[in-house]
Amino acid sequence: MSQINVWDKVDQYITERLIPHDAILEAVLSTNQEAGLPAYDVSPSQGKLLNLLVQMQGSKRILEVGTLGGYSTIWMARALPAEGKIVTLELDPHHAQVAAANLSLAEVQDKVELRVGDALEQLSQMSNEGVEPFDCIFIDADKPNNPNYLKWALHFSHPGTVIIGDNVIREGEIINKNSEDPRVQGVRAFYDLIADENRITATAIQTVGSKGYDGFVIGMVTS
């Protein structure tokens with residue numbers, strides 16, 4: 001059995017043992033596939049991790065950069081208290097339309113503000129609107145802009161805000177400083193910004209599973 005097949009089977013085992021069957025979440029993934037969305041959704045175990053992090057932190061306000069079909073949005077929305085809210089940003093109108101339907105299916109639409117358009121423009125507009133800081137910020141969009149998203153995340157944070165960045169290992173390519181992949185270079189710049197930013201304490205975790213070899217950064221704003 002190949003190593004990748006082992007990763008898939010272990011992910012399946014974890015899901016079967018620790019994550020209860022959820023017809024709505026499975027329907028969301030099916031809808032995303034049928035709608036032609038790229039298969040960038042987090043895995044069920046990763047979604048459950050986001051859910052647990054939101055609960056453990058007691059988050060009431062979440063910012064998500066990169067909605068896609070709303071799968072991760074649903075996982076986090078379900079962890080919020082009744083008065084909680086997610087602001088999620090999606091560039092593609094088709095993706096946003098699919099996400100809106102999925103959020104309604106999951107009955108979390110009242111907790112979610114879905115904003116459509118360029119994320120950097122949306123973040124600037126939110127600043128102009130005086131949007132309040134967030135307790136948790138999940139960055140999972142175009143990797144070349146990760147450094148810009150991190151700067152905005154700091155703008156919308158307060159001491160104790162948790163910032164999570166997904167897909168930051170890139171199958172190990174992050175150690176290749178000569179990579180010509182703009183996604184890799186965006187992630188490397190993301191690391192550099194975190195390393196030089198004294199307001200964040202952070203670490204990164206490598207992961208393997210149904211999504212291949214990747215990982216995430218998790219940090220906390222300290223001041």
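What you are looking at is a predicted structure, and each value in this text was computed from that prediction instead of being measured.

(A) Quick peek at the packing of aromatic side chains. What the rule picks out here adds up to three aromatic pairs. Ring geometry for Tyr71 and Trp75: centres 6.5 Å apart, planes at 85°, overall edge-to-face. Within this pair, Tyr71 and its partner Trp75 are both found in helix α4 (residues 71-77), separated by four residues, close to a single helical turn. Taking 5.9 Å as the distance between ring centres and 25° as the angle between the ring planes, the aromatic pair formed by Trp152 and Phe156 counts as stacked. Owing to a relative accessible area of 22%, Trp152 belongs among the partly exposed residues under this scheme. The rings of Phe134, Trp152 and Phe156 are connected pair by pair, giving a single aromatic cluster. Above the plane of the ring of Phe134 lies Arg61, whose end atom (NZ or CZ) is 4.5 Å from the centre.

(B) Up close: the packing of helix α7 (residues 146-155) against helix α8 (residues 182-196). Between α7 and α8, whose axes approach to 7 Å, the crossing angle comes to 35°. In this structure, α7 contributes Asn146, Pro147, Leu150 and Lys151 to the contact, and α8 contributes Gly186, Val187, Ala189, Phe190, Leu193 and Ile194.

(C) Focus on the nonpolar core. Formed by 26 residues in total, the largest nonpolar core has its most connected members in Leu63, Leu89 and Met126. No other element matches the four residues that α7 contributes to this core. Apart from the residues within four sequence positions on either side, Leu63 is in contact with Val87, Leu89, Leu123, Met126, Phe134, Cys136, Ile137 and Phe138. Core analysis: the next-biggest nonpolar cluster, separate from the first, contains 24 residues, Ile19, Leu25, Met76 and Ile86 among them.

(D) Up close: the pattern of salt bridges. Applying the stated rule across the entire model yields eight salt bridges. Among the ionic pairs, Asp22 bridges to Arg78, the shortest N-O distance being 2.5 Å. A residue pair is termed long-range when its members are at least 10 positions apart, and Asp22 in the loop between α1 (3-18) and α2 (23-34) and Arg78 in the loop between α4 and β2 (85-90) qualify at 56 residues. Of the charged contacts in the structure, one is a salt bridge between Asp140 and Lys143, with a shortest N-O distance of 3.3 Å.

(E) Region of interest: the environment of Tyr71. Classification of Tyr71 by relative accessible area gives buried; the value is 2%. Note: C-alpha distance between Tyr71 and Asp135 (64 residues apart in sequence) is 20 Å. Leave out the neighbours within four places in its chain, and Tyr71 touches Leu25, Val28, Leu29, Asp41, Val42, Ser43 and Pro44.

(F) Structural view of the sheet that holds strand β4 (residues 136-139). Ordered in space as β3-β2-β1-β4-β5-β7-β6, the seven strands form an open sheet in which the pairing is mixed. Every other strand in the sheet has two partners, leaving β3 (112-116) and β6 (200-209) as the edge strands with one partner each. Pairs of neighbouring strands in the sheet enclose a mean axial angle of 15°, with direction left out of account. For β4 and strand β5 (residues 162-166), the ladder comprises four bridges, and the chain directions are parallel. Bridging from a neighbouring strand, Cys136 pairs with Val162 of β5. Along the sheet face, α1 touches β6 and β7 (212-221) and points at about 105° away from the line of β6. Together, β1 (61-65), β4, β5, β6 and β7 form the strand contacts of α7, whose direction differs from that of β4 by roughly 170°.

Rules and cut-offs
- Residues numbered from 1 in each chain as written.
- Predicted model: local features only at pLDDT ≥ 70, side-chain atom pairs only at ≥ 80, totals over all residues.
- Heavy atoms only, no water.
- Phe/Tyr/Trp six-rings, centres within 6.5 Å; stacked < 30°, edge-to-face > 60°.
- Helix = DSSP H or I, 4+ residues; strand = E, 2+ residues; numbered from the N terminus.
- Buried < 20%, exposed > 50% of the residue type's maximum accessible area, 1.4 Å probe, protein only.
- Lys NZ or Arg CZ within 6 Å of the ring centre and 35° of its normal.
- Axes fitted to C-alpha atoms, helices over the stretch in contact; angles between N-to-C directions.
- Contact = heavy atoms within 4.5 Å.
- Core = buried A, V, L, I, M, F, W, Y, C linked by side-chain atoms within 4.5 Å.
- Salt bridge = Lys/Arg side-chain N within 4 Å of Asp/Glu carboxyl O.
- Pairing = 2+ DSSP bridges.

Fair warning: the whole summary comes from geometry, so function is off the table for now.
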